[in-house]
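Spelled out, the chains give:
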Amino acid sequence: MKKTRKIKLSFKPHQSSKKLLRGLKDRDRYVLESRFGLVEPEKKTLESIGQEYDITRERVRQIQDAALKAIRKSDSYDEAKEIFGEIEEAINNLGGIISEDNLLEHMAEDDISQNHIHFHLVVGDNFKKFKEDKKFKARWSVNGSLADKVHRALEKLHSHVTEEELLSEEQMILKFLDRLDGVEDGYVDRDIAEEFLRLSKMVDKNPLGDWGLTSSQNVSVRGIRDYAYLIMKKNGSPMHFREVAEAITDTFNKKAHPATTHNELIKDERFVLVGRGMYGLEEWGYRSGVVKDVIKELIEERGPMTKEEIIDAVLKERYLKENTILVNLSNKQYFKKDDEGRYILSDKIKAKTKTKAKPKKSS
C-alpha cells in the first residue's frame, strides 16, 4: 500500500485552534469544540449537544454558525492569516483540490490533530468545500477553475472505462490526463494525478492495485469469487482450485478453504473448468462445457476435422490427456466419420442443432 506523504507544519494545530476560540463565550466555545472534536476525537451531533443544554438541534446549529462568524471577524482570525496561508499552500502543492480524508492524512497522523486541521478549513475564507455526492468524495479546493476541470475530466473518464476493464495505475492516469483539458502542461505530476483520481467515487483501486469502475466486481471485491478472479487474472494462466485458495489466503490474508473455493468457481460464469480441478477465465477464450461439447462446437465452427486437428484444438482449451479426447470422439451419439475419415456430428446431434437454430414463426 502506498504510504501517504506527510506535510510538515510550522504551527501546532491545537494551539492555533485555542487562539481562534479564545474570544468566544463559554457555551459557544463548547459547541464548536464538541462539533469539531477539538477536545475529544469523537464529534458530537447537534442533537446530543442540544440535549445537554435542553435546546433544539436547530438552535445548536445557529449557535455554531454564529460562533464561526464571530471568529472570522476577530483579531485572532487576523493573527492566524499566515497559518491559513500555509494550509492553502499545502493544498496547492497537492494539486489545488483534494479529498478531505486524504488532505487530513497528509497533514496530521492522529484523529484529534486532523479534527483541528478540519476546523481551520471550515473557519478559513481561503478554502471551498464540495460536499460528498454520488460521484465524488467530500473535497476541499483553493482553485475553483481547476476544480471544475478536474470534475469534468473524472466524469469523462468514467464513461470511457468499461465494467470489465482493469487498468494499471499508469494506464488510468494517462487515460485521465487525456481528458483533463485547459490545465497547464507539467502542472499535474503522477502524485497529483493520483490525488485527483482519489476524488472520484466512480473509479477506484482493487486490492491488487489495479484501477477500474467501482461498480465492477473486479474492483469492489465482495467475496471468494472476486478474490479468485483477481488471483487468476494476475497469474495469467489456469490454476488448480487448491492453488487459488492458497493464493487468496497468502495475498489477501483471507482464509479460503479449497472446497469452498471450488464451489464458488463452479457457480461463477467467469471461470471455466479446463482440466481435473483446473480453472481458467472465460475471457481468455476458453469454451464452457464438457469435452464433448467443446469438440461439438469446434466441428460446428470449422466443419469436418481430422483426429489430429481435434486433439490439437481441444488441448488448447483443456488440460487433459489425449486418450480422454479419443474416448469422447468414440461417442457415436455425438460424432461419426465422413467418407474421408474426418469427424463430423452425428445425424441426431445435427437434427437437435437445427431445431434449436430454427427461428419461431411469427403469429
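Rules of the game
The residue count restarts for each chain, going from 1 along the sequence in the order it is written. Restriction of local features to residues with pLDDT of at least 70 applies here, the model being predicted, together with a cutoff of 80 or more for giving and counting side-chain atom pairs; totals for whole chains, interfaces and linings are based on all residues. To get the side-chain values, take all heavy atoms of the structure and skip hydrogens and water. Should DSSP find at least two bridges between two strands, the strands are taken to pair. Labels follow the DSSP assignment, with helices taken as runs of H or I lasting at least four residues and strands as runs of E lasting at least two, numbered in each case from the N terminus. Every angle, taken between N-to-C directions, lies between 0 and 180 degrees, and every axis is a line fitted to C-alpha atoms, over only the stretch in contact when it is a helix. For this analysis, residues touch if any pair of their heavy atoms sits within 4.5 Å. By definition, a salt bridge exists where a carboxyl oxygen of Asp or Glu is found within 4 Å of a side-chain nitrogen of Lys or Arg. The cut-offs for exposure are 20% and 50% of the maximum accessible area for each residue type, with area from a 1.4 Å probe on protein chains only; residues under the lower value are buried, those over the upper are exposed, and the others partly exposed.

Trainee: Please clarify how the sheet that holds strand 1 (residues 97–99) should be interpreted in this entry.
Mentor: To summarise the sheet geometry, strands pair through backbone hydrogen bonds and adopt either a parallel or an antiparallel arrangement. Pairing within the open sheet is antiparallel, and its 3 strands lie in the order 1-3-2. Since the sheet does not close on itself, it has two edges, and those belong to strand 1 and strand 2 (128–130), each with one partner. Strand-to-strand twist across the sheet, computed as the mean angle between neighbouring axes with direction ignored, equals 25°. Bridge analysis of strand 2 against strand 3 (residues 139–141) gives 3 bridges, and the strand direction is antiparallel. Its bridge partner lying in strand 3, Phe130 is registered against Arg139.

Trainee: What is the right way to read unusual backbone geometry from this model?
Mentor: Backbone phi values are negative for most residues with the exception of glycine, while trans is the configuration of most peptide bonds. Positive phi, close to 60°, is recorded for Asp54, a residue that is not glycine. Along the chain, Asp54 falls in the loop between helix 3 (46–53) and helix 4 (57–72). One non-glycine residue, Asn253, adopts positive backbone phi at about 60°. Counting through the fold element by element, Asn253 comes out in the loop between helix 13 (241–252) and helix 14 (258–267).

Trainee: Teacher, can you tell me more about the environment of Leu103 here?
Mentor: Its location among the elements puts Leu103 in helix 7 (residues 100–107). In sequence terms Leu103 and Phe130 are 27 residues apart; their C-alpha atoms lie 13 Å from each other. Setting aside chain neighbours within four positions, we find Leu103 in contact with Ile91, Leu94, Ile98, Leu121 and Trp140.

Trainee: I tried to follow the sheet that holds strand 8 (residues 278–281) on my own but got confused; where do I start?
Mentor: What the 3 strands build is an open sheet, ordered 6-8-7; its pairing is antiparallel. The sheet is open, and its two borders are formed by strand 6 (239–240) and strand 7 (271–275), each paired with just one other strand. Bridge analysis of strand 6 against strand 8 gives 2 bridges, and the strand direction is antiparallel. Bridging across to strand 8, His240 finds its partner in Met278. Against the sheet, helix 12 (residues 224–235) makes contact with strand 6, strand 7 and strand 8, and its axis sits at roughly 80° relative to strand 8, the strand it touches most.

Trainee: Before we go on, may I ask you to explain the pattern of salt bridges in this structure?
Mentor: All chains considered together, the criterion is met by 28 salt bridges. A salt bridge links Glu79 to Arg22, with the nearest nitrogen and oxygen atoms 2.7 Å apart. With a gap of 57 residues between them, Glu79 in helix 5 (residues 75–79) and Arg22 in the loop between helix 1 (13–21) and helix 2 (26–36) connect regions that are remote in the sequence. One salt bridge in this structure joins Glu264 and Arg225, with 2.6 Å as the shortest N-O distance. Of this pair, Glu264 sits in helix 14 while Arg225 sits in helix 12, placing them 39 residues apart in sequence. Judged by its relative accessible area of 28%, Arg225 falls in the partly exposed class. Members of the salt-bridge network, linked through shared partners, are Glu169, Glu170, Arg190, Glu194 and Lys205.

Read these as geometric descriptors, not functional statements.
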